[in-house]
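For reference, the chains in residue letters:
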Number of protein chains: 2
Amino acid sequence: MSESVPAPTPESVRSCDLLLSARHVVTQDAERRVLDHAAVAVAGGRVAAAGPRAEVAAAWRAARTLDLGESILLPGLVNAHTHAPMALLRGLSDDLPLQRWLTEHVFPVEQHHTPDSVRAGAMLACAEMLRTGCTCYADMHFFSAQSAEAAVATGIRAVPGEAVFGFPTPAYADPEAALDAARAAHERFRGHPRIRPALAPHAEYTTTPEMLQKSFALAEELDVPWLFHLAETRRETGDCLARRGMRPTAYLDSLGLLGPRACLAHCVDISEAEVRLLAERGARVAHCPESNMKLASGVAPVPALLAAGGVVGLGTDGPASNNNLNLFGEMASASLVHKAVSLDPTTLDAQTALDLATRGSAACVGWPELGRIEVGGPADLCALDLNVPWMQPCYNPVSQVVYAATGAEVRCTVVAGEVVWLDGKFTTFDYPALLRELENWAKWVLEKV
Amino acid sequence: MSESVPAPTPESVRSCDLLLSARHVVTQDAERRVLDHAAVAVAGGRVAAAGPRAEVAAAWRAARTLDLGESILLPGLVNAHTHAPMALLRGLSDDLPLQRWLTEHVFPVEQHHTPDSVRAGAMLACAEMLRTGCTCYADMHFFSAQSAEAAVATGIRAVPGEAVFGFPTPAYADPEAALDAARAAHERFRGHPRIRPALAPHAEYTTTPEMLQKSFALAEELDVPWLFHLAETRRETGDCLARRGMRPTAYLDSLGLLGPRACLAHCVDISEAEVRLLAERGARVAHCPESNMKLASGVAPVPALLAAGGVVGLGTDGPASNNNLNLFGEMASASLVHKAVSLDPTTLDAQTALDLATRGSAACVGWPELGRIEVGGPADLCALDLNVPWMQPCYNPVSQVVYAATGAEVRCTVVAGEVVWLDGKFTTFDYPALLRELENWAKWVLEKV
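Model, not experiment: these values are computed from the prediction.

Observations concerning the interface of chain B and chain A
Move 1: Counting from both sides, the interface comprises 59 residues of chain B and, opposite them, 59 residues of chain A.
Move 2: Each partner contributes to the roughly 4,600 Å² buried at the junction of chain B and chain A, and carbon and sulfur atoms together form 67% of this total.
Move 3: Taken as a group, B:Asp95, B:Trp390 and B:Tyr395 account for 16% of the area that chain B buries against chain A, more than any other trio of residues on that side.
Move 4: Between B:Lys339 and A:Asp95 there is a salt bridge, with the nearest N and O atoms lying 2.7 Å from each other.

Focus on helix H15 (residues 431–448) of chain B
Residues and elements named next belong to chain B.
Move 1: In this model, H15 (18 residues) spans 25 Å end to end at C-alpha, consistent with the 26 Å of a helix rising 1.5 Å per residue.
Move 2: Regarding H15, the residues found buried are Tyr-431, Leu-434, Leu-435, Leu-438, Trp-441, Ala-442, Trp-444 and Val-445.
Move 3: Put simply, Asp-430 is the residue that caps the front of H15, since its side-chain oxygen is 3.1 Å from the backbone nitrogen of Ala-433.

Quick look at the domain arrangement of chain A
All names here are of chain A.
Move 1: For chain A, the assigned domains are domain 1 (10–75 + 371–426) and domain 2 (77–364).
Move 2: One C-alpha centre belongs to domain 1, the other to domain 2, and the line joining them spans 29 Å.
Move 3: Counting residues at the interface gives 32 residues for domain 1, matched by 29 residues for domain 2.
Move 4: It is Gln-28, Val-402 and Tyr-403 that lose the most area in domain 1 upon contact with domain 2, and together they represent 22% of the buried surface on that side.
Move 5: Linking domain 1 with domain 2 are two salt bridges, by the criterion used here.
Move 6: The salt bridge partner of Arg-157 is Asp-380, with a shortest N-O separation of 2.6 Å.
Move 7: The interface formed by domain 1 and domain 2 includes 13 residue pairs in polar contact (both at pLDDT 80 or more).

Things to note about the packing of aromatic side chains
Two measures describe an aromatic ring pair: the distance that separates the ring centres and the angle between the ring planes.
Move 1: Throughout the structure, instances matching the rule amount to 20 aromatic pairs over all chains.
Move 2: Taken together, a centroid distance of 6.4 Å and an interplanar angle of 85° make the contact between A:Phe429 and A:Tyr431 edge-to-face. Neither A:Phe429 nor A:Tyr431 differs from the other in exposure class; each is buried.
Move 3: Taken together, the aromatic side chains of A:Trp421, A:Phe426, A:Phe429 and A:Tyr431 make up a single cluster linked through ring pairs.
Move 4: Taking NZ or CZ as reference, A:Arg196 lies 3.7 Å from the ring centre of A:Trp367, over its face.
Move 5: Above the face of the A:Tyr403 ring, B:Lys294 is positioned so that its terminal group lies 4.6 Å from the ring centre.

What counts and how
Residues numbered from 1 in each chain as written. Chains lettered and ligands numbered in written order. Predicted model: local features only at pLDDT ≥ 70, side-chain atom pairs only at ≥ 80, totals over all residues. Heavy atoms only, no water. Contact = heavy atoms within 4.5 Å. Buried area = accessible area lost by both parts, 1.4 Å probe. Salt bridge = Lys/Arg side-chain N within 4 Å of Asp/Glu carboxyl O. Helix = DSSP H or I, 4+ residues; strand = E, 2+ residues; numbered from the N terminus. Expected span 1.5 Å × (residues − 1). Buried < 20%, exposed > 50% of the residue type's maximum accessible area, 1.4 Å probe, protein only. Polar contact = N/O pair within 3.5 Å; in protein donor to acceptor, adjacent residues only side chain to side chain. Domains from an automatic or database assignment. Phe/Tyr/Trp six-rings, centres within 6.5 Å; stacked < 30°, edge-to-face > 60°. Lys NZ or Arg CZ within 6 Å of the ring centre and 35° of its normal.

Structure representation (structure tokens):
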């Protein structure tokens, strides 16, 4: 304890639930402070204190203490866009264009989905995200209540968006039933500390203007995010021009749907004027670089969006087009691909990449207090083990997090103050049982192909 | 055991040193066979058999048996280009252009290198590579005998290239002394089963034509690879045009150095004609996509090189410009960036990416029997644990290896028949002691900045 810190009197020592200490704490607070030899106290699911280890340890009596030793403690990452249940389809088919992949490989299996299969895929996805330091995700899938159930069971935080289409789906013969399902999910999870159901109309090419507007009106009524795929490919733009006489971004704006409530995944094929429009409207953009690369959709103009003052988060997209839900890899890919495309190595530096996956994604999913370690904010955390060879030596923790970490060295994940993953074990659910269950679901998928 | 397999008679059962079994064996043989429920028998550091588990187990009596269960066994990956000792500088500075990064951040530290500091960095690098399934690397650094010593100590296979410059270095006041050092290393490790010293002149802009030709003549005399940086950036091309009146590839060809002995790292700024020339000459290209992206050098025309019949391997480049030595991430990055740049999702598919990091890299480092599991070939192997969430389900092992694996799920690495990494422990050296030693080396680096 440094001498400048007054010794706490017995009365001034307060109780907390959990005290975590680590070699480095990357706070992602407003000043982007990185604390060395630091600790975080957690009480009631929130951060009670963050500061020098000796000070925090002296001021707080913890029910449980975790000394994470040579590690980097940082905010849990936030996945701004995914389709968690698609984990069941990981690696089923690759190296194909988006439309062929969707219509010949993905949709033929997905039409057989039941609530049980959706839940199984979501359980696997939640396990993967928690295991790799992601503590909150925004989802787009039908049977969204099942994704929410998986989030409840595993302990992750979630914004499960009910997918809305303009045609019947495996979930609903009547498209409007998706809106009823979203309303029911909202009622069911009202007040839940970790689950905030949302609306998630799929895309311009799979919906009607009426369904988009109805879903947006419901999102406004319930005050929840409105998640949407926008301008993913040049083909989408061409088709939209032919169908609506407008490019996708203009189409959305013409319907009055371009605003801070909208979390727009991809935004690859957007013009300079559209970059400015998205920033002016305050729409959130969920950047999915690995999926956009893998499907050869292109590279979203994220540096331009950021320069224009746009709000940008990071998403993995579904695990069938990535093929993982790992935001550590996604941060590195984001930084690297934008440097390669711009031919400027200062583009999207490590701090910016980390900002995307924390504060940016938090804004995207409508939960802006996430993605930082700040007193009073949610205690969503992850810790990276520095003892693996690729994390040595550690001169700059932010650089290490973005350019060296794989995500697999996450040794501890905390959501809302609960330790859900620690040193090889999930504490919230029976992972070996899930693995056994997945063997049968994999057979089920292969029968449907 | 299937009924079609005759029960071996006692006389027909042969002895081997090691028998590994796994759910999937990705052989990377000429037919790219993937065997399910398979086993590999190892004797005398070489593959004695590979086939259905029951058959192999019945035919071979093993001194040691490792049942790797739900895992993918594949050839150890080969890193075609790195600077292993730079592991000491990992994350020291990022987000800078190549020349500023080299001259203002890297060279100022590297001028203080001693054999001990080079060895410490190489030890860390070898640990990282073995830990992430890489079993052989080609290196370019001065004090190459120290890199070789680290390879000997850790158990990895190595092609340590003695860096040759046209001016004095921390290693040699007289540039020609590098040639003597290379010759001495060649003598010292003559006949070593895992170490094959090589020549590694740095680049056009750091050497003279005379030194290039002398180093090449020595490589020919000793019959070892000649490693070189070629056409990494547009700036290199411009400077070379100004200095030599030729582009770098033409310059190398004019000196008679463009052939199968040359392993040329980067080859980013090469024209269509140069693609054809490299292929025609049979020169090997070490593709380093992550370093090229991070330093914003651009994207090498690898699909065109492959289409022209060129020989291409995969390298990480040094861990200070990557910032890791992980070939699993490198395979995914290679596939993704070429899809993004070509806007064609069929570009550089999973099998091609795996070919680069195995058979392609093996050709690059002058050890063409590596990078495959074939009877009679070296027993260099790694096994990926399928029980981690991101490796589930596994429909296509090659897709899983390239698009889902992080490299951290490697649970077993075997080099020349020796198990060097298994379930959390290195068997060949004291890793905790290395970690302690690195604390002091990190302080040493910070003193030199």
